[in-house]
Amino acid sequence: MTKKLKNSSLNIADKNFKKLSIQVSLNGLSFCVADTVSQKLLISDKVDFSDEKNPMSAKDELVKLFQKHDIENMQFDEVVAVHRNTLFGLVPKSLFNPNNLNEYLKFNTKVLANDVLAYDEVENHDLVNVYVPYININNYIYDLFGEFDFMHNGTVLLQSLLNNQTQNQEITCFVHVNKEQLDITVLNQRKLLLYNSFKYHTKEDFVYYLLFVIEQLELDTKTVTVKLFGSIEEDDEIFQLCYNYIQNISIFEPSTAQLVKLGETSTGSIDFTLINTI
């Protein structure tokens, strides 16, 4: 699938150097507008849904959020949308065929007859992420801004974690926490051992999935390094329960060029994946 950035051919004199990044899921929405020259945030906002929406209702909520900030009437040089869901599958690039997208998902994801599938290449790594985007939301964004880029949140997570991972000898389990969804990435230095995403409703669900992954990889809860980040703090019930079972667990504070430039106070409430699309 070819994904083009809007206005990529504009003369530099016509650019305003503003980028809109949007994250969409059935549990909530968020966006930010950044000045790509100064790397400053101009606008940001998010909304969490009390109950999981369907794609049509989620699109209606995005319309309301954009209207609240008059986003529909703004001009952007770049627009990127990140789709967050569990409807994906990773494929080694050497085995990937773009004509077989449905084959990669049909055994572990419920794919409907009218679903449009997409894929991202994980940059600098032999991986392709095949997934189901929210096509009605893509259509809405296209109607507003023309051609834009879109990707799966797993692609952003993997690229960010793999490219910033140091040559530590220890196996590290990174857990990105969102409302009712956790993404688990297990790395051995810069080698990916596992990436998967789970929906949860209780803290017990959360711990179950985390311990299940550790067990399946035959890791030891007394020695494996687990780093939680996203919508979680040390005083959260989820963290406290995980701490009862996992000895070497901590809150992870990503340190990237984007975070440094944007400033900690500005980025505290903005999702990790959004920051890494700026």
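Before reading on, note that the structure itself is shown above.
Predicted model, so just to flag it, every value in this text is computed and none were measured. (Residues numbered from 1 in each chain as written. Predicted model: local features only at pLDDT ≥ 70, side-chain atom pairs only at ≥ 80, totals over all residues. Heavy atoms only, no water.)

Asks: So, the overall build of the protein: which residues are in play, and what are the values?
Replies: Per the secondary structure count, the protein includes nine helices and 13 strands. Per-residue burial for the protein yields a buried fraction of 48% across its 278 residues. Taken as a whole, the protein presents about 14,000 Å² of accessible surface, with 46% of it coming from carbon and sulfur. (Helix = DSSP H or I, 4+ residues; strand = E, 2+ residues; numbered from the N terminus. Buried < 20%, exposed > 50% of the residue type's maximum accessible area, 1.4 Å probe, protein only. Areas by Shrake-Rupley, 256 points an atom, 1.4 Å probe, with all protein chains shown as cover.)

Asks: For the nonpolar core, give the residues involved together with the corresponding values.
Replies: With 43 residues, the main nonpolar core has Leu20, Ile22, Phe66 and Ile141 as its most contacted residues. Once you skip the residues sitting within four places of it in the chain, Leu20 turns out to touch Phe31, Cys32, Val33, Phe66, Ile71, Phe76, Glu78, Val79, Val80 and Phe145. The next biggest cluster of nonpolar side chains, apart from the first, holds 24 residues, and it includes Cys173, Val175, Val177 and Leu228. (Core = buried A, V, L, I, M, F, W, Y, C linked by side-chain atoms within 4.5 Å. Contact = heavy atoms within 4.5 Å.)

Asks: Residue-level account of the sheet that holds strand β3 (residues 40-48), with values.
Replies: As summarised here, the arrangement of the five strands in space is β3-β2-β1-β4-β8, forming an open sheet in which the pairing is mixed. Either end of the sheet is taken by a strand with one partner, and the two such strands are β3 and β8 (149-152). Here the average twist between neighbouring strands, direction ignored, is 15°. As paired elements, strand β1 (residues 18-24) and strand β4 (residues 78-83) share six bridges and run parallel to each other. By the bridge assignment, Leu20 is partnered in β4 with Val79. Against the sheet, helix α1 (residues 55-68) engages β1, β2 (28-35) and β3, with an angle of about 35° to β2. Seen against the sheet, helix α3 (residues 135-145) touches β1, β4 and β8 and runs at an angle of roughly 175° to β4. (Pairing = 2+ DSSP bridges. Axes fitted to C-alpha atoms, helices over the stretch in contact; angles between N-to-C directions.)

Asks: Which residues make up the side chain of Asn178, and what values do they have?
Replies: Along the chain, Asn178 turns up in strand β9 (residues 171-178). Other than its neighbours up to four places away in sequence, Asn178 contacts Arg84, Asp183, Tyr200, Ser231 and Asp271.

Asks: Talk me through unusual backbone geometry; I want residue IDs and the actual numbers.
Replies: If you check the backbone angles, Asp70 has positive phi at about 60° while not being a glycine. With respect to the helices and strands, the residue Asp70 is situated in the loop between α1 and β4. Located in the positive-phi region is Gln189, a residue other than glycine, with phi close to 60°. If you trace the backbone, Gln189 turns up in the loop between β10 (181-188) and β11 (191-199).

Asks: Kindly report on the pattern of salt bridges, identifying the contributing residues and their values.
Replies: Counted by the stated rule, this structure contains nine salt bridges. Between Glu78 and Lys19 there is a salt bridge, and its shortest N-O distance comes to 3.7 Å. Taken together, the residues Glu78 in strand β4 and Lys19 in strand β1 connect sequence positions 59 residues apart. For Lys19, a relative accessible area of 12% gives the class buried. (Salt bridge = Lys/Arg side-chain N within 4 Å of Asp/Glu carboxyl O.)

Asks: Explain the packing of α1 against α3 to me, and be specific about the residues and the numbers.
Replies: In a pair of packed helices, the angle between the axes and the distance between the axes together describe the arrangement. Relative to each other, α1 and α3 sit at 30°, their axes nearing to 9 Å. Relative to α3, α1 is oriented roughly parallel. From α1, Pro55, Met56, Ala58, Lys59, Leu62, Val63 and Phe66 reach across to α3, where they touch Asn136, Ile137, Tyr140, Leu144 and Phe145. Classifying every residue of the contact of α1 with α3 gives 10 nonpolar, one polar and one charged. (Parallel < 35°, antiparallel > 145°, perpendicular 65-115°, else oblique. Nonpolar A, V, L, I, M, F, W, Y, C, P; charged D, E, K, R; others polar.)

Asks: Lay out the packing of aromatic side chains in plain terms, naming residues and giving numbers.
Replies: The description of an aromatic ring pair uses the distance of the two centres, along with the angle that the planes make with each other. Applying the stated rule across the entire model yields 15 aromatic pairs. Considering the side-chain rings of Tyr200 and Phe206, the 5.3 Å spacing of their centres and the 85° angle between planes classify their relative orientation as edge-to-face. When sorted by exposure, Tyr200 lands in the same class as Phe206, which is buried. Taken together, a centroid distance of 5.5 Å and an interplanar angle of 70° make the contact between Tyr208 and Tyr209 edge-to-face. By relative accessible area, which is 51% here, Tyr208 ends up exposed. Among the residues examined, Tyr209 registers a relative accessible area of 24% and is labelled partly exposed. Here the aromatic cluster, defined as three or more aromatic residues joined through ring pairs, consists of Phe174, Phe229, Phe252 and Phe272. Residue placement shows Lys53 over the ring face of Phe49; its charged tip is 5.5 Å from the ring centre. (Phe/Tyr/Trp six-rings, centres within 6.5 Å; stacked < 30°, edge-to-face > 60°. Lys NZ or Arg CZ within 6 Å of the ring centre and 35° of its normal.)

Asks: Could you give me a rundown of the packing of helix α5 (residues 203-216) against helix α6 (residues 237-245), with the residues and numbers involved?
Replies: Running from amino to carboxyl end, α5 crosses α6 at an angle of 40°, the nearest separation of the two axes being 9 Å. When the axis of α5 is compared with that of α6, the two are oblique. Of the two possible hands of crossing, α5 and α6 adopt the one that is right-handed. Residues Lys203, Glu204, Phe206, Val207, Leu210 and Leu211 of α5 pack against Glu237, Ile238, Leu241, Cys242 and Tyr245 of α6. Its residues assigned to classes, the contact of α5 with α6 comprises eight nonpolar, no polar and three charged. (Left-handed = near helix turned anticlockwise from the far one by under 90°.)

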